[in-house]
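Results of the structural survey
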Amino acid sequence: MPLPMGQHCDGRGGACAASRHIRSTVFWCLDAAPMLAHRPFVKMNGLGNEILVLDLRHEPEDVPAAAARALARPGVLPFDQAMVLYPPRRADTAAFVRILNSDGSESGACGNGTRCIAAYEAGRIGERHVLFESAAGLLDCVMQPDGQVTVDMGAPRLGWDAIPLARPVADTSAVQIEGFASLGPASMVSMGNPHAVFFVPDANAVDVEALGATLEHHPLFPERANISFAQVLSPDHILLHVWERGAGRTRACGTAACATGVSTARTGRTGRKVRVTLPGGDLVIDWRASDGHVLMTGPVALEFTGTLTSDMITEAA
Ligand SMILES: N[C@@H](CCC[C@H](N)C(=O)O)C(=O)O
């Protein structure tokens, strides 16, 4: 039975207002992740970026890379990122969040996933404002009246060693990458995770899979990198395609949109507030002048909820 898509969490009451409308039962093998048996999950997406929310605050459990890979397999619970919630380390936060890519690697940041957990938690506690902590720092999230979520993604890090790059680079806004001269220089940004942004005349014409898969592993990036291809459409509008580190091509990447907005503003291609159009839809990115923080605003959607068991996953809504 197909699962309903595109139901928006509005952050008012209940786990997510849309969840009561979801009815289905699905069975998936969980042989490679037995430590997660009986744990509830929420499957969401941010602009089609597939997000699995695992709330382990009551009974914390490590999620090894192999377990993440097993869950993300086609036919199990395919996701781009798993947002795993652990008990807060600071009293003013709702949770400490670990972010796992579908290949089992860990990331310091995930913009679309952060909007998803913000909507999940805001709905659960009936608040419009939620603060999380991740490896990259604090994530201040606000539910907007129209159901969109704004996340303060913090300040970008622009130094070569913070991104990180393998060698010192004086100007990280225009770095020529060996073997890729035809693409022109890329702008490097850390949003808590490493990004390289290429400016291209026609983003739809780029072979994102071929270039992304190679560039992700280029020796210039000791921690690999997310690879973006940006076409500036106007001083406040960008078209963007992204190859994500650890997940491949995705329909949207929030931190890539942030890194792109910073890059286009930093190089004078746009102003500090831009609309970024991705295959999954639009994000608004505002690189705030007053404190240098990047604000990302966009939608989230609840797909379905369920419970993991040792040999099956059953829908629980
Ligand atoms: N989809 C994300 C980015 C997730 C992490 C990334 N793949 C990495 O490993 O850095 C987003 O919305 O930002």
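An unreviewed UniProt entry lists the protein under the name Diaminopimelate epimerase, from Azorhizobium caulinodans. According to the UniProt record, the Subunit (unreviewed entry) comment for the protein reads "Homodimer."

The next thing to look at is helix H3 (residues 208–215). Among the residues making up H3, those that are buried are Val208, Gly212 and Leu215. Looking straight down H3, one finds that the buried residues subtend no more than 75 degrees of arc, so they occupy a single side. Packed against the buried residues of H3 are strand E10 (194–199), strand E11 (226–234), strand E12 (237–244) and strand E13 (248–249).

Right, let's get into the side chain of Ser134. Summarising the element assignment, Ser134 is placed in strand E6 (residues 129–134). Once residues lying within four places of it in the same chain are set aside, the contact partners of Ser134 are Phe96, Val97, Gly108 and Leu139.

Once that is clear, we can look at the domain arrangement of the protein. Considered domain by domain, the protein is made up of domain 1 (40–153 + 302–311) and domain 2 (181–292). Here the C-alpha centroids of domain 1 and domain 2 sit 22 Å apart. Counting from both sides, the interface comprises 21 residues of domain 1 and, opposite them, 21 residues of domain 2. Taken together, the two surfaces of domain 1 and domain 2 that pack against each other cover about 1,300 Å², and 48% of this comes from carbon and sulfur. Three residues, Leu47, Ala109 and Met153, lead the burial of domain 1 against domain 2; their summed loss comes to 36% of the area buried on that side. If you look at where domain 1 meets domain 2, you find 10 residue pairs in polar contact (both at pLDDT 80 or more). Looking at the side of domain 1 that touches domain 2, the elements that each hand over two or more residues are strand E5 (106–107) and helix H2 (111–125). Looking at the side of domain 1 that touches domain 2, the element that brings in the most residues is H2, giving three residues. When the residues that make up the side of domain 1 that touches domain 2 are grouped by side-chain class, the tally is five nonpolar, 11 polar and five charged.

Conventions we followed
Residues numbered from 1 in each chain as written. Predicted model: local features only at pLDDT ≥ 70, side-chain atom pairs only at ≥ 80, totals over all residues. Heavy atoms only, no water. UniProt positions renumbered as here; feature names shortened; annotations may be inferred. Buried < 20%, exposed > 50% of the residue type's maximum accessible area, 1.4 Å probe, protein only. Helix = DSSP H or I, 4+ residues; strand = E, 2+ residues; numbered from the N terminus. Arc of directions from axis to C-beta. Contact = heavy atoms within 4.5 Å. Domains from an automatic or database assignment. Buried area = accessible area lost by both parts, 1.4 Å probe. Polar contact = N/O pair within 3.5 Å; in protein donor to acceptor, adjacent residues only side chain to side chain. Nonpolar A, V, L, I, M, F, W, Y, C, P; charged D, E, K, R; others polar.

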